[in-house]
Amino acid sequence: WYWQKEKRDPYVKFMKANYPPGFSYEDFGPLFTAEFFDPNQWADILKASGAKYVVLTSKHHEGFTLWGSKYSWNWNALDVGPKRDIVAELAISVRNRTDLHFGLYHSLFEWFNPLFLEDATNTFKTRKFPNSKSLPELYELVTKYQPEIIWSDGNGNATDSYWNSTGFLAWLYNDSPVRDTVVTNDRWGVGTICTHGGFYTCSDRYNPGHLLPHKWENCMTIDKRSWGYRRNAQLDDYLTIEELVKELVETVSCGGNLLMNIGPTHDGRIAVIFEERLRQMGAWLKVNGEAIYGTKPWRAQNDTVTPEVWYTFSPKEGQVNAVFLNWPVSGTLELGEPQAKLGETQVKLLGYKELLKWVALGEKGILIALPQLTPKQLPCQWGWTLQLTGIN
């Protein structure tokens, strides 16, 4: 897009300096080789991350499909490049080796597809592109791979009626093989985002910092500057694990899910830094998962007295979880929100055996004595969870 459409100088210059004259985007097809793609290894990394679902980009805005689509002749991973059905291989590995829900991202429009460009020229009064390309692909994806999440994207400035989104969704929820399990997002044409859908995404890297009335997802990238893999990325461009834990906790306390994007390489690897971040997240969730999984937002999302404290509620156990991101130097943590009751309230640090001592601070608020632990004795790093039971 930057090179061919916007013709941005650095991109044009880079292509000129590093690729043969007349090199076209299509020439990248055979260079996508995926020789190191091991779907079992991917599945194991995903499982270790503590994630509950995964969304693979089955097709982005340039139209190349990662499965052998009969609607994308000679522009798919089975015919060109890897000569492998990436979607099928990952679906099988994820389902055999993990309990993750398998989802697929699919772009409705395509930047340079002549049929789409023709429809756009006709101000979308013709519907050649959705009828012959994007809709058949969606039906094919669902029927063949039965994804439990359809993550639609790229409206191409056309309305949902041009895309016939309601027609497809009616089939998906009533007659498709995944009608009882499937979940969809909110990107089905101009005006649908943040308004219609199973869960709202609202915008890329969306984190409102307050409670939303509808289920939502914060879809963001570990590489702050890109959704894809960048060979020239610097260490500073990657979010630290501390930043990612904070993002997760803020998102969940406000009723959202976190979808963390990583860009794999042309040869099929998950770069080591991405793997490390995912495994670190999994290590944190092993200790603190009770404050994340199956929780609902509490009446307060964050604390009024101490900054960097976020709340979630576990309805089954009736527990309030307070995740604090800074271990206080004083050894005591003051929370302004919970109302504690003598003889009823109990305070536990996840990953630590004994109950903690506390005192109530008037009508509202509680002062908690944290255990004196060496760095080695801490149950985890980057953030800790207090579990409060018997709270008003």
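Residues numbered from 1 in each chain as written. Predicted model: local features only at pLDDT ≥ 70, side-chain atom pairs only at ≥ 80, totals over all residues. Heavy atoms only, no water.

### Brief notes about the pairing of strand S8 (residues 319-324)
Moving residue by residue along a regular strand, the side chains alternate between the two faces of the sheet. Put simply, the rule is: The buried label goes to any residue with under 20% of its type's maximum accessible area, the exposed label to any with over 50%, and the partly exposed label to all in between, with areas taken from a 1.4 Å probe on protein chains only. Each helix corresponds to a stretch of at least 4 residues labelled H or I by DSSP, and each strand to a stretch of at least 2 residues labelled E; elements are numbered beginning at the N terminus. For two strands to be treated as a pair, DSSP must find at least two bridges joining them.
A large share of S8 lies buried, amounting to 6 of its 6 residues. Where strand S7 (residues 309-314) and S8 come together, 6 bridges link them in antiparallel fashion. Bridge pairing links Thr 312 to Asn 321 in S8. Between the end of S7 and the start of S8, which pair antiparallel, lie 4 residues, with Gly 318 showing a positive phi angle near 65°. Pairing analysis gives 5 bridges linking S8 to strand S13 (residues 384-389), with the strands arranged antiparallel. Looking at S13, one finds that Asn 321 is bridged to Gln 387.

### A short note on the state of the cysteines
Cut-off, in case you're wondering: Cysteine sulfurs are considered disulfide-paired once they come within 2.5 Å of each other.
Counted according to the given criterion, the structure contains 1 disulfide. Residue Cys 219 stays outside any disulfide, its sulfur separated by 12 Å from that of Cys 202, the closest cysteine.

### Regarding the nonpolar core
Our working rule: Take the buried residues of types Ala, Val, Leu, Ile, Met, Phe, Trp, Tyr and Cys, join any two whose side-chain atoms come within 4.5 Å, and each joined set is a nonpolar core. The domain boundaries here were taken from an automatic or database domain assignment. Contacts between residues were defined by any pair of non-hydrogen atoms, one from each residue, lying within 4.5 Å.
In terms of nonpolar packing, the biggest core is built from 82 residues, with Met 281, Trp 284, Ile 368 and Leu 386 touching the most fellow members. In terms of residues, this core owes the most to one element, helix H9 (residues 272-288), which gives 7 residues. Each of two domains, domain 1 (9-291) and domain 2 (296-389), supplies a minimum of three residues to this core. Ignoring anything within four residues of it in the chain, the contact list for Met 281 reads Ser 49, Ile 241, Leu 244, Val 245, Leu 248, Leu 258 and Met 260. Grouped together as the second largest cluster of nonpolar side chains are 18 residues, Leu 138, Leu 169, Leu 172 and Val 178 included.

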